[in-house]
Amino acid sequence: MIAFLSGVVREVRENSAVVVAGGVGYEVQCPAGTLAKLAVGQPAELNTRFVVREDAQLLFGFLDQDSVRLFDLLTGVSGVGPKLGLALLSAMPVSALAQGLLSGDVKLLSSVSGVGKKTAERLVLELQNKVPEHLAAPATGSGGRAAPVATTAGRDAVDALLALGFREAQVRAAVAELLATDPAQSADALIRKALGRLR
């Protein structure tokens, strides 16, 4: 088992990064949030999971242990492979995904590309009592996780953006991240800023 990888970022791709460690370049599949924080030429240390299949050997990397814990839980569910686990972690912050699992929000989970209603229901059934509650806790400002959409303005903004046709997982993630930086924002301000991120 490769527990972590420490090296210099050589390349950041659409769904992966190349990290050079010990003279070897490792391609690491990462969720969107991790890739956004990696910079070419800069050092990086990723918590990893090494997955061996008949047709491939894949390395998955995450910046924090919370993401690794959730990835392990997701891929432990029958029918949920590492690529789908990565898609779920890319679609929304860890706190929003954990909250969705704990609250049994099938609609939120099935809004992620590749996750059908039956898979979402299976995730809830198997993980609702396994997800540690602290993973769903709002960010304190330094934890790096976006707070769940808990304000009236936030809920109004989500409703308005959904009416415009954006995917629910992306909308909730964008609004939650905006609220994490300033919980007192109005619905109009949230909608305007979220549109800039979603378009």
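Fair warning: this is a prediction, and the values are worked out from it, not measured in the lab.

## Topic: the overall build of the protein chain
Here is step 1: Assigned secondary structure in the protein chain consists of nine helices and five strands.
Here is step 2: Shown N-terminal to C-terminal, the secondary structure of the protein chain runs as helices and strands in the order β-β-β-α-β-β-α-α-α-α-α-α-α-α.
Here is step 3: Taken over the C-alpha trace, the protein chain has a radius of gyration of 17 Å; the compact-globule value for 199 residues is 16 Å, and the two agree within 12%.
Here is step 4: Based on the C-alpha atoms only, the size of the protein chain along its principal axes is roughly 50 × 40 × 30 Å.
Here is step 5: Within the protein chain, contacts between residues separated by at least 24 positions form 55% of all contacts whose residues are at least 6 apart in sequence.
Here is step 6: Roughly 10,200 Å² of accessible area belongs to the protein chain as shown, and the carbon and sulfur atoms make up 49% of that amount.
Here is step 7: If the 20 positive side-chain charges of the protein chain are averaged to one point and the 19 negative ones to another, these points end up 2 Å apart.

## Overview of the environment of Leu162
Here is step 1: Checked against the element boundaries, Leu162 lands in helix H7 (residues 152-163).
Here is step 2: Taking relative accessible area as the criterion, Leu162 reaches 28% and is therefore assigned partly exposed.
Here is step 3: Between the C-alpha atom of Leu162 and that of Arg172, which follows or precedes it by ten residues, the distance is 9.4 Å.
Here is step 4: Every residue in contact with Leu162, bar those within four places of it in the chain, is listed here: Arg167, Glu168 and Val171.

## Side note on the side chain of Gln29
Here is step 1: Here Gln29 lies in strand S3 (residues 24-29).
Here is step 2: With sequence-adjacent residues up to four places away left out, Gln29 is seen in contact with Asn15, Ser16, Leu59, Phe60, Gly61, Lys83 and Leu86.

## A few points about the nonpolar core
Here is step 1: Residues Leu70, Leu74, Met92, Leu97, Leu101 and Leu123 are the most contacted members of the largest nonpolar core, which totals 35 residues.
Here is step 2: Put simply, the parts of the chain that give this core at least two residues each are strand S5 (57-62), helix H2 (65-75), helix H3 (82-91), helix H4 (94-103), helix H5 (106-110), helix H6 (117-127) and helix H8 (168-181).
Here is step 3: Apart from residues no more than four positions distant in its own chain, Met92 is found in contact with Leu97, Leu108, Val112, Ala169 and Ala173.
Here is step 4: Val171, Leu179, Leu190 and Leu195 belong to the second largest nonpolar core, which has 15 residues in total.

## Regarding helix H9 (residues 187-198)
Here is step 1: Relative to the 16 Å expected for twelve residues at 1.5 Å per residue, H9 spans 16 Å between its end C-alpha atoms, a close match to the ideal helical length.
Here is step 2: On its buried side, H9 packs onto H7 and H8.

## Describing the packing of H7 against H9
The relative placement of two packed helices comes down to the angle between their axes together with the axis-to-axis distance.
Here is step 1: In contact at an axis separation of 9 Å, H7 and H9 are set at 45° when each is read in the N-to-C sense. Relative to H9, the element H7 is oriented oblique. Where H7 crosses over H9, the two elements pack in a sense that is right-handed. Touching Ala153, Gly154, Asp156, Ala157, Ala160 and Leu161 of H7 are Ala187, Leu190, Ile191, Ala194, Leu195 and Leu198, all from H9.
Here is step 2: Residue classes in the contact of H7 with H9 are distributed as ten nonpolar, one polar and one charged.

## Remarks on a nonpolar patch on the surface
Here is step 1: A contiguous nonpolar patch, built from Met1, Ile2, Phe50 and Val52 and spanning about 400 Å² of accessible area, is present on the exposed surface.
Here is step 2: Secondary-structure assignment places Phe50 in strand S4 (residues 43-52).
Here is step 3: The exposure class assigned to Phe50 is partly exposed, which follows from its relative accessible area of 31%.

## As for the pattern of salt bridges
Side chains carrying opposite charge are able to pair once their charged atoms draw close together.
Here is step 1: Per the counting criterion, the structure on display carries four salt bridges.
Here is step 2: Salt-bridge contacts for Glu11 lead to Arg13; the nearest nitrogen and oxygen are separated by 3.1 Å.
Here is step 3: Glu11 sits in the partly exposed class, given a relative accessible area of 36%.
Here is step 4: Owing to a relative accessible area of 37%, Arg13 belongs among the partly exposed residues under this scheme.
Here is step 5: Of the charged contacts in the structure, one is a salt bridge between Arg53 and Asp55, with a shortest N-O distance of 3.3 Å.
Here is step 6: For Arg53, a relative accessible area of 37% translates into the label partly exposed.
Here is step 7: Look at Asp55 and you get exposed, because its relative accessible area is 63%.
Here is step 8: Through salt bridges with shared partners, a single network forms among Glu11, Arg13 and Glu27.

## Concerning the confidence of the model for the protein chain
Here is step 1: For the protein chain, the mean per-residue pLDDT works out to 87, and 92% of the residues sit at or above 70.
Here is step 2: Taken together, the stretch residues 139-147 has pLDDT below 50 and engages in 19 contacts with residues farther than four places along the chain or on a different chain.

Definitions and limits used
- Residues numbered from 1 in each chain as written.
- Predicted model: local features only at pLDDT ≥ 70, side-chain atom pairs only at ≥ 80, totals over all residues.
- Heavy atoms only, no water.
- Helix = DSSP H or I, 4+ residues; strand = E, 2+ residues; numbered from the N terminus.
- Rg over C-alpha atoms; globule rule 2.2 N^0.38 Å.
- Contact = heavy atoms within 4.5 Å.
- Areas by Shrake-Rupley, 256 points an atom, 1.4 Å probe, with all protein chains shown as cover.
- Lys, Arg positive; Asp, Glu negative; His and termini not counted.
- Charge placed at Lys NZ, Arg CZ, Asp CG, Glu CD.
- Buried < 20%, exposed > 50% of the residue type's maximum accessible area, 1.4 Å probe, protein only.
- Core = buried A, V, L, I, M, F, W, Y, C linked by side-chain atoms within 4.5 Å.
- Expected span 1.5 Å × (residues − 1).
- Axes fitted to C-alpha atoms, helices over the stretch in contact; angles between N-to-C directions.
- Parallel < 35°, antiparallel > 145°, perpendicular 65-115°, else oblique.
- Left-handed = near helix turned anticlockwise from the far one by under 90°.
- Nonpolar A, V, L, I, M, F, W, Y, C, P; charged D, E, K, R; others polar.
- Patch = residues over 30% accessible without salt bridge, like charges linked within 9 Å, V, L, I, M, F, W, Y side chains within 5 Å.
- Salt bridge = Lys/Arg side-chain N within 4 Å of Asp/Glu carboxyl O.
- pLDDT = per-residue confidence, 0-100.

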